[in-house]
Amino acid sequence: MSRVGKQLISLPSKVVLKVGGLGQVDVEGPKGKLSWGLPPGITLKIDGTTVVVSRTNDERTTRAMHGTSQRLITNMVKGVSEGFKKDLEIQGVGFRAAVKANFVDLSLGQSHPRLHPIPEGLKVVVTDNTKISIEGIDKQKVGQLAADIRAYYPPEPYKGKGVRYAGEQVRRKAGKSVK
């Protein structure tokens, strides 16, 4: 039995979880609604305010998806009740960001600005031109947008310039020594 898969999922008040035909899981809460399809061999049982994820057989693929399904449903429940947030910081002279319509405008010391589209359902806020905050109910979308923005200019080890996650430590290297 999967250690992660057998953990119970507790449903907060105001969160409704429904299992439809063909394994369609719908989670609705104060922040929005998410849906996902259960993989074959995985079942869901709702007991009041707790949810149990179980598997029907011990095949390799079913065992692999047991813990994954439990975590994805847990993230859906947390997303519709609390939401997810990722913070990014930009460091470097002249490096800045702004939100223009449905795009994040990044000026990262290159010859042209980078315009990255904001996916539907996400909210991006830029403060002080160097701090980017991404919020949404889908953990995967929030993390992917943060990773995509960071990938334009990851922090470099010599001067520390670039886009980094808030609180990320960048190991610095010594430059050339003068003899």
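Everything in this summary refers to the structure shown in the same document. If you're wondering where the values come from, they're calculated on a predicted model, not measured in any experiment. (Residues numbered from 1 in each chain as written. Predicted model: local features only at pLDDT ≥ 70, side-chain atom pairs only at ≥ 80, totals over all residues. Heavy atoms only, no water.)

**So, the layout of surface pockets**
Of the pockets and cavities examined, the largest pocket occupies roughly 180 Å³. If you trace the largest pocket, you find it lined by Leu34, Ser35, Trp36, Leu72, Asn75, Met76, Ile137, Asp138, Lys139 and Gln140. Those elements giving two or more residues to the lining of the largest pocket turn out to be strand S4 (32–37), helix H1 (60–81) and helix H2 (139–152). When grouped by side-chain class, the residues that make up the lining of the largest pocket number five nonpolar, three polar and two charged. (1 Å grid on protein atoms, 1.4 Å probe; cavity = no way out; pocket = protein on both sides within 12 Å on 5 of 7 lines; lining within 4 Å. Points joined across faces, edges and corners; volume = space filled by probe spheres on them. Helix = DSSP H or I, 4+ residues; strand = E, 2+ residues; numbered from the N terminus. Nonpolar A, V, L, I, M, F, W, Y, C, P; charged D, E, K, R; others polar.)

**Focus on the pattern of salt bridges**
Proximity of charged atoms lets side chains of opposite charge pair with each other. According to the stated counting rule, one finds three salt bridges in the structure shown. Here Asp58 and Arg55 are joined by a salt bridge, their closest N and O atoms 3.1 Å apart. What makes Asp58 exposed here is its relative accessible area of 55%. A salt bridge links Asp105 to Lys100, with the shortest nitrogen-to-oxygen separation between them at 2.9 Å. A relative accessible area of 11% places Asp105 in the buried class. (Salt bridge = Lys/Arg side-chain N within 4 Å of Asp/Glu carboxyl O. Buried < 20%, exposed > 50% of the residue type's maximum accessible area, 1.4 Å probe, protein only.)

**Here we look at the side chain of Ser133**
Along the chain, Ser133 falls in strand S12 (residues 131–136). A residue is classified by how much of its surface remains accessible, and Ser133, at 12% relative accessible area, is buried. Reaching out from Ser133, the side chain makes a polar contact with the side chain of Asp87 at a distance of 3.2 Å. Residue contacts for Ser133: discarding those within four places in its chain leaves Lys85, Lys86, Asp87, Lys123, Val124 and Val125. (Polar contact = N/O pair within 3.5 Å; in protein donor to acceptor, adjacent residues only side chain to side chain. Contact = heavy atoms within 4.5 Å.)

**Structural notes on the nonpolar core**
Ranked by internal contacts, the top residues of the largest apolar core, which has 18 residues, are Leu88, Ile90, Leu106, Val124, Ile132, Ile134 and Ile149. Elements with a contribution of two residues or more to this core: strand S7 (84–91), strand S9 (103–107), S12 and H2. At four residues, the largest contribution of residues to this core is made by H2. Core analysis: the second largest hydrophobic core is formed by 17 residues, Leu11, Val53, Ile73 and Met76 among them. (Core = buried A, V, L, I, M, F, W, Y, C linked by side-chain atoms within 4.5 Å.)

**What about unusual backbone geometry?**
Unusually for a residue other than glycine, Asp128 sits at a positive phi of about 55 degrees. Summarising the element assignment, Asp128 is placed in the loop between strand S11 (123–127) and S12. Residue classification places Asp128 among the exposed positions, given a relative accessible area of 63%. Look at Asn129: it is not a glycine, yet its phi comes out positive at around 60 degrees.

**Observations regarding the sheet that holds S9**
With respect to topology, three strands assemble into an open sheet ordered S8-S9-S10, the strand pairing being antiparallel. Of all the strands in the sheet, the pair left with one neighbour each is strand S8 (96–100) and strand S10 (114–117). In this sheet, adjacent strand axes meet at a mean angle of 25 degrees when their direction is disregarded. In this structure, S8 lies alongside S9, joined through five bridges in antiparallel fashion. Opposite Ala98, over in S9, you have Asp105 as the bridge partner. H2 rests against S9 and S10 of the sheet, and its axis sits at about 170 degrees to S10. (Pairing = 2+ DSSP bridges. Axes fitted to C-alpha atoms, helices over the stretch in contact; angles between N-to-C directions.)

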